[in-house]
Amino acid sequence: MGLFDKFKKSDKGQEFFVIVGLGNPGPKYEGTKHNIGFDVVDRLGKKYNIEIDKFKHKALIGDGMIEGSRVLLVKPQTFMNLSGESVREIVNFYKIPQDHFLVIYDDTSLPVGNVRIREKGSHGGHNGIRNIIAQMGTDMFWRIKVGIGEKPNGWDLADYVLAKFDKDDLPMIAQGADKGVKAVELILTRGIMDAMNQMNQKPKPPQKEKPKKTAEVKMEKEPQGEVEE
C-alpha cells in the first residue's frame, strides 16, 4: 500500500498544497542543471513573498499563499538521490492527499526551457524521482518537468546534470523556470487537466509567409518599323 492510499482511508489531509523542487544543497551546485527544481521554487517564493528558510523534515520549507491557495514550498536537503526521505516525512506529517502534492524537476528528454506537466509516470532515469517513488510506494503524483536538453554524445549523465548551463542556454532556461512558475499557478487555479492542456501544447512552427501575387503586366509589342533598304 502506498502512502497516498493511507490518506484516502483517513481523509485527514490538510487544506494546502505541497510543492517540492528537487536539487542538491550547497553553493557547489547552484546554477547546475540538476537544480532547476530549486530554481523554480525560489522564483515562486520571491514572487509571492514566501521565505523558504525553515529547516524541517530534512528540507528547507516556506509557508504562504499562491493565487488564493495555501502552499508549502519545499527544497529537500538530502541530496538528490535521497529526495524521497524528506518528501515522505513531509507528506506523512501533514497527511497530504495525492491531489495536493507536486514535484518540480529537470528532464533531459525535453529541449532547454520546455515544460511538461504529468499526473503520473515512471522515474525516467531521474534518481530523485526514483527515490520518491520508492519511498512513497507509488508513481501516482503530479510533476512539472523542466527541460535541460539532451546529454551530448560522450558525456556521462551524472557529469552532464551536475554541470552549469552554457551562457547561450541561460535565456532559455530562465524562460523555462518562468514557465514552471506559470504551470504551478495554472494547477492551483484551474486544475491539473486544464494546466496540462495549456502547458503541454507543442509550439506551432512559424508559418512561412506566402509570396505576394504581383499583377501580371502585359508588355505590348512595339510595332516594328519598316526596314529601309
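These numbers were taken from a predicted model, which means no experiment stands behind them. (Residues numbered from 1 in each chain as written. Predicted model: local features only at pLDDT ≥ 70, side-chain atom pairs only at ≥ 80, totals over all residues. Heavy atoms only, no water.)

*Asks:* Can you explain the confidence of the model for the protein chain? Please cite residues and give values.
*Replies:* Note: predicted coordinates in regions of low pLDDT should not be interpreted at a detailed level. Of all residues in the protein chain, 82% attain a pLDDT of 70 or more, and the chain-wide mean is 87. Summarising per-element confidence for the protein chain, the mean pLDDT is lowest in helix 1 (residues 3-10) (53) and highest in helix 2 (residues 36-47) (98). (pLDDT = per-residue confidence, 0-100. Helix = DSSP H or I, 4+ residues; strand = E, 2+ residues; numbered from the N terminus.)

*Asks:* So what's going on with the packing of helix 2 against helix 6 (residues 170-190)? Residues and values would help.
*Replies:* Direction vectors running N to C along helix 2 and helix 6 enclose 65°, while the axes themselves pass 9 Å from each other. With respect to the hand of their crossing, helix 2 and helix 6 are arranged in right-handed fashion. Facing Ile-36, Val-40, Arg-43, Leu-44 and Lys-47 of helix 2, the residues of helix 6 in contact are Ile-173, Ala-174, Ala-177, Asp-178, Gly-180, Val-181, Val-184 and Glu-185. When grouped by side-chain class, the residues that make up the contact of helix 2 with helix 6 number eight nonpolar, one polar and four charged. (Axes fitted to C-alpha atoms, helices over the stretch in contact; angles between N-to-C directions. Left-handed = near helix turned anticlockwise from the far one by under 90°. Contact = heavy atoms within 4.5 Å. Nonpolar A, V, L, I, M, F, W, Y, C, P; charged D, E, K, R; others polar.)

*Asks:* Provide a residue-level description of unusual backbone geometry, including the pertinent values.
*Replies:* If you check the backbone angles, Lys-58 has positive phi at about 60° while not being a glycine. By the element assignment, Lys-58 lies in the loop between strand 2 (54-56) and strand 3 (59-66). Using a relative accessible area of 34% as the deciding quantity, one classes Lys-58 as partly exposed. A positive phi angle, close to 55°, is found at Lys-95, a residue other than glycine. (Buried < 20%, exposed > 50% of the residue type's maximum accessible area, 1.4 Å probe, protein only.)

*Asks:* I'd like to hear about the side chain of His-34, residue by residue, with values.
*Replies:* By the element assignment, His-34 lies in the loop between strand 1 (17-21) and helix 2. Owing to a relative accessible area of 9%, His-34 belongs among the buried residues under this scheme. When residues no more than four places from it in sequence are discounted, the contact partners of His-34 are Leu-22, Gly-23, Asn-24, Met-80, Asp-106, His-126, Val-161 and Leu-162.

*Asks:* Give me the lowdown on the packing of helix 6 against helix 7 (residues 192-199), citing residues and values where you can.
*Replies:* Their axes nearest at 7 Å, the elements helix 6 and helix 7 cross at an angle of 145°. The two elements helix 6 and helix 7 cross, and the hand of that crossing is right-handed. Contacts between helix 6 and helix 7 involve Lys-179, Lys-182, Ala-183, Leu-186, Ile-187 and Arg-190 from the former and Ile-192, Asp-194, Ala-195, Gln-198 and Met-199 from the latter. Considering only residue class, the contact of helix 6 with helix 7 consists of six nonpolar, one polar and four charged.

*Asks:* Describe helix 2, naming the residues involved and giving the relevant values.
*Replies:* In this model helix 2 runs 16 Å from its N-terminal to its C-terminal C-alpha over twelve residues, within 8% of the 16 Å that 1.5 Å per residue would give. Along helix 2, the residues classified as buried are Ile-36, Gly-37, Phe-38, Val-40, Val-41, Leu-44 and Gly-45. Of the residues flanking the end of helix 2, it is Asn-49, one or two places downstream, whose phi is positive at about 55°. (Expected span 1.5 Å × (residues − 1).)

*Asks:* Can you lay out the sheet that holds strand 6 (residues 115-118) for me, pointing to particular residues and giving the numbers?
*Replies:* Whether parallel or antiparallel, the strands of a sheet pair through hydrogen bonds between backbone atoms. One open sheet holds the seven strands; their spatial order is 2-3-4-1-5-7-6, and the pairing between them is mixed. Every other strand in the sheet has two partners, leaving strand 2 and strand 6 as the edge strands with one partner each. In this sheet, adjacent strand axes meet at a mean angle of 25° when their direction is disregarded. When strand 5 (residues 101-107) meets strand 7 (residues 142-147), the two strands line up parallel, connected through six bridges. Its bridge partner being in strand 7, Asp-106 is matched across the sheet by Val-146. This element, helix 7, spans strand 6 and strand 7 of the sheet and lies at about 150° to strand 6. (Pairing = 2+ DSSP bridges.)

*Asks:* Can you break down the packing of aromatic side chains residue by residue, with the values?
*Replies:* Going through the model one piece at a time under the given rule, you end up with five aromatic pairs. A ring pair is formed by Tyr-29 and Phe-79, whose centres lie 6.1 Å apart and whose planes are at 80°; its orientation type is edge-to-face. Linking Tyr-29 in the loop between strand 1 and helix 2 with Phe-79 in the loop between strand 4 (69-76) and helix 3 (83-94), this pair joins segments that are 50 residues apart in sequence. Judged by its relative accessible area of 17%, Tyr-29 falls in the buried class. Feature note: the residues Phe-16, Phe-93 and Tyr-94 constitute an aromatic cluster, connected by ring pairs. (Phe/Tyr/Trp six-rings, centres within 6.5 Å; stacked < 30°, edge-to-face > 60°.)

*Asks:* Explain the side chain of Asn-24 to me, and be specific about the residues and the numbers.
*Replies:* Tracing the chain through its elements places Asn-24 in the loop between strand 1 and helix 2. According to the relative accessible area criterion, Asn-24 is buried, its value standing at 6%. A polar contact is formed between the side chain of Asn-24 and the backbone nitrogen of Met-80, at a distance of 2.8 Å. Setting aside anything within four residues of it in sequence, one finds Asn-24 in contact with Tyr-29, His-34, Asn-35, Phe-38, Phe-79, Met-80 and Leu-162. (Polar contact = N/O pair within 3.5 Å; in protein donor to acceptor, adjacent residues only side chain to side chain.)

*Asks:* Before we move on, could you go through the pattern of salt bridges and cite the residues and values that matter?
*Replies:* Here the structure, examined in full by the defined rule, presents seven salt bridges. The partner of Glu-85 in a salt bridge is Lys-58, with the nearest N and O atoms 3.4 Å apart. One end of the pair, Glu-85, is in helix 3; the other, Lys-58, is in the loop between strand 2 and strand 3, and 27 residues separate them in sequence. The exposure class of Glu-85 is partly exposed, given its relative accessible area of 27%. Through salt bridges with shared partners, one network takes in Lys-58, Glu-85 and Glu-89. (Salt bridge = Lys/Arg side-chain N within 4 Å of Asp/Glu carboxyl O.)

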